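Structural overview for review
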Amino acid sequence: MFIHLGGEKIIRASELIGIFDVSIESSSKISKGFLAHAAKEKRTEEIGDEEPKSLVVTVDKVYYSPISSATLKKRAQSPLAL
């Protein structure tokens, strides 16, 4: 099963760890540290040119998605079968 994150990015549902609102980046010291570490290791990817609305954490990467966390959570509950 797959989840469409926006743009041309699709991930396997089995790789998903969590979906968060992008505001968590500035509201938590632990989140800031986690994201800074992921960026330092070049494990972040911004999807598209639009302002990010959510963070999608997978086994290998952190994606900044232009799609809201609520919409992505709905997609995760009924992933695409490709």
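Residues numbered from 1 in each chain as written. Predicted model: local features only at pLDDT ≥ 70, side-chain atom pairs only at ≥ 80, totals over all residues. Heavy atoms only, no water.

Let us now look at the nonpolar core. Most often, soluble globular proteins have nonpolar side chains that are buried together. One finds Ile3, Leu5, Ile11, Ile19, Ile47, Val56, Tyr63, Ile67 and Leu72 forming the largest nonpolar core, which totals nine residues. When near neighbours in sequence (up to four residues on either side) are disregarded, Ile19 contacts Leu55, Ser69, Leu72, Lys73 and Ala76. Within the second largest apolar cluster, six residues are counted, among which are Leu35, Ala38, Val57 and Tyr64. (Core = buried A, V, L, I, M, F, W, Y, C linked by side-chain atoms within 4.5 Å. Buried < 20%, exposed > 50% of the residue type's maximum accessible area, 1.4 Å probe, protein only. Contact = heavy atoms within 4.5 Å.)

Bringing the confidence of the model for the protein chain into the picture now. Summary statistics for the protein chain give a mean pLDDT of 92 and a share of 95% for residues scoring 70 or more. Looking across the protein chain, the model is least confident in helix 1 (residues 24-27), with a mean pLDDT of 87, and most confident in strand 6 (residues 62-65), with 98. (pLDDT = per-residue confidence, 0-100. Helix = DSSP H or I, 4+ residues; strand = E, 2+ residues; numbered from the N terminus.)

Before going further, it helps to spend a moment on a negative patch on the surface. Negative charge collects at one region of the surface, where Glu46, Asp49, Glu50 and Glu51 lie side by side. Mapping Asp49 onto the fold places it in the loop between strand 4 (44-46) and strand 5 (54-58). (Patch = residues over 30% accessible without salt bridge, like charges linked within 9 Å, V, L, I, M, F, W, Y side chains within 5 Å. Areas by Shrake-Rupley, 256 points an atom, 1.4 Å probe, with all protein chains shown as cover. Salt bridge = Lys/Arg side-chain N within 4 Å of Asp/Glu carboxyl O. Lys, Arg positive; Asp, Glu negative; His and termini not counted. Charge placed at Lys NZ, Arg CZ, Asp CG, Glu CD.)

With mixed pairing, four strands are arranged side by side in an open sheet as 3-5-6-4. Both edges of this open sheet fall to strand 3 (16-21) and strand 4, since each of them pairs with a single strand only. For this sheet, the mean angle separating the axes of adjacent strands, direction not counted, is 20 degrees. Pairing of strand 3 with strand 5 involves five bridges; the strand directions are antiparallel. For Phe20, the partnering residue across the bridge sits in strand 5 and is Leu55. (Pairing = 2+ DSSP bridges. Axes fitted to C-alpha atoms, helices over the stretch in contact; angles between N-to-C directions.)

Moving on to the environment of Lys61. Within the secondary structure, Lys61 sits in the loop between strand 5 and strand 6. Given a relative accessible area of 26%, Lys61 falls into the partly exposed group. Residues Lys61 and Glu45 lie 16 residues apart in sequence; the distance between their C-alpha atoms is 7.4 Å. Apart from the residues lying within four places of it in its own chain, the contact partners of Lys61 are Arg43, Glu45 and Val56. Of note is the side chain of Lys61, whose polar atom sits 2.8 Å from the side chain of Glu45. (Polar contact = N/O pair within 3.5 Å; in protein donor to acceptor, adjacent residues only side chain to side chain.)

Let us now look at unusual backbone geometry. Of note, the phi angle at Lys42 is positive, near 55 degrees, even though the residue is not glycine. Relative to the helices and strands, Lys42 resides in the loop between helix 2 (29-40) and strand 4. Among the residues examined, Lys42 registers a relative accessible area of 71% and is labelled exposed.

This part takes up helix 2. For helix 2, built from 12 residues, the straight-helix expectation of 16 Å at 1.5 Å per residue is met to within 8% by its first-to-last C-alpha distance of 16 Å. Along helix 2, the positions that sit buried rather than exposed are Ser31, Leu35 and Ala38. Buried residues along helix 2 cover an arc of 60 degrees about the axis, so they all sit on one side. For helix 2, exposure combined with an orientation more than 90 degrees from the buried face picks out Lys29, Ile30 and Lys40. Tucked into the core, helix 2 has its buried residues touching helix 1, strand 4, strand 5 and strand 6. If you check the start of helix 2, you find a side-chain oxygen 3.3 Å away from the backbone N of Ile30, and it comes from Ser28. Looking one or two places after helix 2, you find Lys42, whose phi comes out positive at around 55 degrees. (Expected span 1.5 Å × (residues − 1). Arc of directions from axis to C-beta.)

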